[in-house]
Amino acid sequence: QVQLAESGGGLVQPGGSLRLSCASSGSIFSVSDMGWYRQAPQKQRELVASISRGGTTKYADSVKGRFTISRDNAKNTVYLQMNSLKPDDTAVYLCSAQALSSTLIMTNYWGRGLQVTVSS
């Protein structure tokens, strides 16, 4: 079994910054792609950013130039540095990781989600 533990959400003023972290733990053999999604009220879940084990990154157009995703493979942890935050960034942010566990099946796991609120 694999667990994802997220931290770093909260309330921030427009223009501010937050750093989200997501640590994978459990019976992990390896972690492949990791990413952050977000879901705002009455909106569909959308990919914010993803990063491969080798460091290749993808970003939603709405966050390019403001958000940076990174990872520490030794710690099976992914980070999302969010700068110049806007009210439209308000959402629940969910961590995702593709991991090979003791079941020897590559499975996509999800964190429980973090509330990020951008408001003055």
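If you're wondering where the values come from, they're calculated on a predicted model, not measured in any experiment.

Draft legend 1. Summary view of the nonpolar core. Core analysis: the largest hydrophobic core is formed by 31 residues, its most contacted members being Trp 36, Leu 80, Met 82 and Tyr 93. Within the residue set of this core, elements represented by two or more residues are strand 1 (2–7), strand 3 (18–26), strand 4 (28–39), strand 5 (46–51), strand 7 (67–72), strand 8 (77–82), strand 9 (91–101) and strand 11 (114–118). If you tally residues by element for this core, the top one is strand 9, at five residues. Excluding residues that lie within four positions of it along the chain, Leu 80 makes contacts with Leu 18, Arg 19, Leu 20, Trp 36, Val 48, Ala 49, Phe 67, Thr 68, Ile 69 and Tyr 93.

Draft legend 2. View of the state of the cysteines. According to the stated counting rule, one finds one disulfide in the structure shown. At a sulfur-sulfur separation of 2.0 Å, the disulfide partner of Cys 22 is Cys 95. Disulfide Cys 22 to Cys 95: torsion about the S-S bond roughly -80°, handedness left-handed. With Cys 22 in strand 3 and Cys 95 in strand 9, this residue pair connects regions lying 73 residues apart in the sequence.

Draft legend 3. Local environment of the pattern of salt bridges. Under the defined criterion, the tally for this structure stands at four salt bridges. With its nearest N and O atoms 2.6 Å apart, the salt bridge here joins Arg 38 to Glu 46. Close ionic contact of Arg 66 with Asp 89 constitutes a salt bridge, the shortest N to O distance being 2.8 Å. With Arg 66 in the loop between strand 6 (57–59) and strand 7 and Asp 89 in the loop between strand 8 and strand 9, this pair connects stretches of sequence that are 23 residues apart.

Draft legend 4. Just the side chain of Arg 66, in detail. Under the relative-accessibility criterion, Arg 66 is labelled buried at 11%. For Arg 66, the residues in contact, after removing those within four places along its chain, are Gln 81, Met 82, Asn 83, Ser 84, Leu 85, Lys 86 and Asp 89.

Draft legend 5. The arrangement of the environment of Gln 13 in detail. For Gln 13, the position within the fold is in the loop between strand 2 (10–12) and strand 3. The exposed category is assigned to Gln 13, whose relative accessible area is 54%. Taking the C-alpha atoms as reference points, Gln 13 and Leu 85, separated by 72 residues in sequence, lie 7.6 Å from one another. Beyond its immediate stretch of four places on either side in the chain, Gln 13 contacts Val 118 and Ser 119.

Parameters and conventions
Residues numbered from 1 in each chain as written. Predicted model: local features only at pLDDT ≥ 70, side-chain atom pairs only at ≥ 80, totals over all residues. Heavy atoms only, no water. Core = buried A, V, L, I, M, F, W, Y, C linked by side-chain atoms within 4.5 Å. Buried < 20%, exposed > 50% of the residue type's maximum accessible area, 1.4 Å probe, protein only. Helix = DSSP H or I, 4+ residues; strand = E, 2+ residues; numbered from the N terminus. Contact = heavy atoms within 4.5 Å. Disulfide = S-S within 2.5 Å. Salt bridge = Lys/Arg side-chain N within 4 Å of Asp/Glu carboxyl O.

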